[in-house]
Structures are given as structure tokens and as C-alpha cells.
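# Residue-level structural notes
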Amino acid sequence: MSVVGCNLSLNERLRSEVTKIVSSYEINEVRNEHNHAISTLVNDWDDAIALARDVHRWVRVWIA
């Protein structure tokens, strides 16, 4: 799963918030992919869908 945004991985607050959401799924590895993306691997299909929904809700609040 990746979250992509302009200079997202350079913004400590946003990176921390995404990491917190991902960590709630007991996933400890979050990678900065260049300056514009934060990524993690999710092995379980149900967890991947739930995580994507949680991140989507966060993005909608963040951009509102």
C-alpha cells in the first residue's frame, strides 16, 4: 500500500500520522519512497483493504 502526495515523506507530521495508522495493523515497516510516497507491504488481503479504507478516511479529513 502506498500513500502518494507532494513531498509527503518530507513532512514529519503527515509521515507520523500515516505510520500510526499502519502500525495499528501491527505492520512495523514503513518506507519513504522518494519524497512523494510512503509505502508498506501488507500480506493479508482483508488487512490490506481495511488499511486502505482507514488511510482513505484520514486523507479525506486531512484535505477537507
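The coordinates are above.
Quantities reported herein were computed from a predicted structural model and do not represent experimental measurements. All residue numbers refer to position in the chain's written sequence, counted from 1. Local features are withheld for residues below a pLDDT of 70 in this predicted model, meaning they are given only at 70 or higher, and side-chain atom pairs are given and counted only at 80 or more; totals for whole chains, interfaces and linings count all residues. In computing side-chain values, all of the structure's heavy atoms are included and hydrogens and water are not.

## Quick word on helix H1 (residues 12–23)
For helices the rule is a DSSP run of H or I covering at least 4 residues; for strands it is a run of E covering at least 2, with both sets numbered from the N terminus onward. For a helix, the expected span equals 1.5 Å multiplied by the residue count minus one. Given a rise of 1.5 Å per residue, 12 residues ought to cover 16 Å, and the 16 Å separating the end C-alpha atoms of H1 matches this to within 8%. Burial in H1 covers these residues: Leu14, Arg15, Val18, Ile21 and Val22. Considered in projection along H1, the buried side chains sweep an arc of 125° and stay on one side of the axis. Residues of H1 that are exposed and point over 90 degrees away from its buried face: Glu12 and Lys20. What makes two residues a contact is simply this: any of their non-hydrogen atoms within 4.5 Å. Buried residues in H1 make contact with strand E1 (2–4), strand E2 (31–33), strand E3 (37–39) and helix H2 (45–63). Using a 1.4 Å probe on the protein chains alone, a residue whose accessible area is under 20% of its type maximum counts as buried, one over 50% counts as exposed, and one in between counts as partly exposed. Our arc is simply the arc of the directions from the helix axis toward the C-beta atoms.

## Considerations on unusual backbone geometry
With a phi angle near 55°, Asn7 is a residue other than glycine that sits in the positive phi range. Its location among the elements puts Asn7 in the loop between E1 and H1. A positive phi angle, near 60°, is found at Glu26, a position not held by glycine. On the accessibility criterion, Glu26 (73% relative accessible area) is exposed.

None of this, on its own, says anything about what the molecule does.
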